[in-house]
Amino acid sequence: MSIELFLKRYYTVASAVIVLALLWLTAFGTVSSSTVTVSATVAESITCSTDQTSTSFGALTSSAIATSTPNASSTMSCNVGIGCNLSINDSSAGLATSSPAYTIPTTRGTLSVGTEGYGIIATTTATGSGGALSIKSIYLNNFNGNAVGELNTTSTVLASSTASVSNREVVVKHKAAVSGNTQAASYTDTITYSCTQN
């Protein structure tokens, strides 16, 4: 056998062995692997705040419908997918005085000059991100008009979202009217804003 023929057969056999070894390793060779599971949590958060602690009508007269200043602006944030509510309740269901005991009642409808009534109007702004806030219909009136929604001593939804929101804003305007028979006194009402998950 010539050296040339020997080498050709040798390389042929060697190549076949290498191919078979690679095939065996592919089919039956040991493969080592490991996995890493990455996890995280985001805590549920629902917050709201109002930018004013007081607002004033000043001196009410039976000849005009009054607007208190300043308006009260509340922002709400929640990261729950079903959204959240901004609710309100007041202390007296009206503007009240204790001496003498008398209340200018809260009203739903259009205030009239010379007729007692007190209520609020609400609107939203473009502030914030996420889902939109919807104002409850009784408060969603012409912001420059005299139609108002009443206040209650029990919590009432003012605005709500159906998705998570961040710093969405609601602005509330307070309106009041008195008659010639309204008792002379200093009147107050305390409105509480709160936020909850839907």
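Every value quoted in this text rests on a predicted model; they were computed, and no experiment measured them.

Enquirer: Would you mind showing me how to read the environment of Tyr-102 here?
Expert: Among the secondary structure elements, Tyr-102 is positioned in strand S6 (residues 101-105). A C-alpha to C-alpha distance of 8.7 Å links Tyr-102 and Tyr-187, two positions 85 residues apart in sequence. Not counting the four nearest positions on each side in its chain, Tyr-102 is found in contact with Leu-95, Ala-96, Thr-97, Glu-116, Asn-181, Thr-182, Gln-183 and Tyr-187. Within the structure, the side chain of Tyr-102 is placed 2.6 Å from the side chain of Glu-116, a separation counted as a polar contact.

Enquirer: Sorry if this is basic, but what is going on with the state of the cysteines here?
Expert: By definition, a disulfide is the covalent link that joins the sulfur atoms of two cysteine residues. Scanning the entire structure with this criterion turns up two disulfides. Residue pairing for Cys-48: its cysteine sulfur links by disulfide to Cys-195, the two sulfurs lying 2.4 Å apart. Given an S-S torsion of about -90 degrees, the disulfide between Cys-48 and Cys-195 has left-handed geometry. Separated by 147 residues along the polypeptide, Cys-48 in strand S1 (residues 46-50) and Cys-195 in strand S14 (residues 191-197) bring together distant segments of the chain. On the basis of relative accessibility, which here comes to 27%, the residue Cys-48 falls in the partly exposed class. Judged by relative accessible area, Cys-195 falls into the buried class, the value being 18%.

Enquirer: Sorry if this is basic, but what is going on with the packing of aromatic side chains here?
Expert: For any pair of aromatic rings, geometry is given as the distance between the ring centres together with the angle between the planes. According to the stated counting rule, one finds two aromatic pairs in the structure shown. On the basis of an interplanar angle of 75 degrees and a centroid distance of 6.5 Å, the ring pair of Tyr-102 and Tyr-187 is categorised as edge-to-face. Of this pair, Tyr-102 sits in strand S6 while Tyr-187 sits in the loop between strand S13 (165-177) and S14, and the two are 85 residues apart along the sequence. Classification of Tyr-102 by relative accessible area gives partly exposed; the value is 24%. Exposure remark for Tyr-187: the relative accessible area of 19% places this residue in the buried category. Positioned over the ring face of Phe-143 is Lys-173, at 4.5 Å from the centre of the ring.

Enquirer: I'm lost on the pattern of salt bridges in this one. Help?
Expert: Where side chains of opposite charge bring their charged atoms close, a pairing between them can arise. Counting across every chain of the model gives one salt bridge. The partner of Glu-150 in a salt bridge is Arg-108, and the shortest N-O contact between them spans 2.9 Å. Of the two residues, Glu-150 sits in the loop between strand S11 (147-148) and strand S12 (156-160) while Arg-108 sits in the loop between S6 and strand S7 (109-110), which places them 42 residues apart along the sequence. Judged by its relative accessible area of 15%, Glu-150 is buried.

Enquirer: When you look at the nonpolar core in this model, what are you seeing that I'm missing?
Expert: What tends to happen in soluble globular proteins is that the nonpolar side chains get buried as a cluster. Among the nonpolar cores identified, the biggest contains 30 residues, and Ile-88, Tyr-118, Tyr-139, Leu-158, Val-170 and Tyr-193 are the most heavily contacted of them. Of all the elements in the fold, those that place two or more residues in this core are strand S3 (72-78), strand S4 (84-90), strand S8 (117-124), S12, S13 and S14. Residue contributions to this core peak at four residues, all from S13. Contact partners of Ile-88, with chain neighbours within four places excluded, come to Ile-120, Tyr-139, Leu-151, Thr-154, Ser-155, Thr-156, Leu-158, Ile-191, Thr-192 and Tyr-193.

Thresholds applied
Residues numbered from 1 in each chain as written. Predicted model: local features only at pLDDT ≥ 70, side-chain atom pairs only at ≥ 80, totals over all residues. Heavy atoms only, no water. Helix = DSSP H or I, 4+ residues; strand = E, 2+ residues; numbered from the N terminus. Contact = heavy atoms within 4.5 Å. Polar contact = N/O pair within 3.5 Å; in protein donor to acceptor, adjacent residues only side chain to side chain. Disulfide = S-S within 2.5 Å. Buried < 20%, exposed > 50% of the residue type's maximum accessible area, 1.4 Å probe, protein only. Phe/Tyr/Trp six-rings, centres within 6.5 Å; stacked < 30°, edge-to-face > 60°. Lys NZ or Arg CZ within 6 Å of the ring centre and 35° of its normal. Salt bridge = Lys/Arg side-chain N within 4 Å of Asp/Glu carboxyl O. Core = buried A, V, L, I, M, F, W, Y, C linked by side-chain atoms within 4.5 Å.

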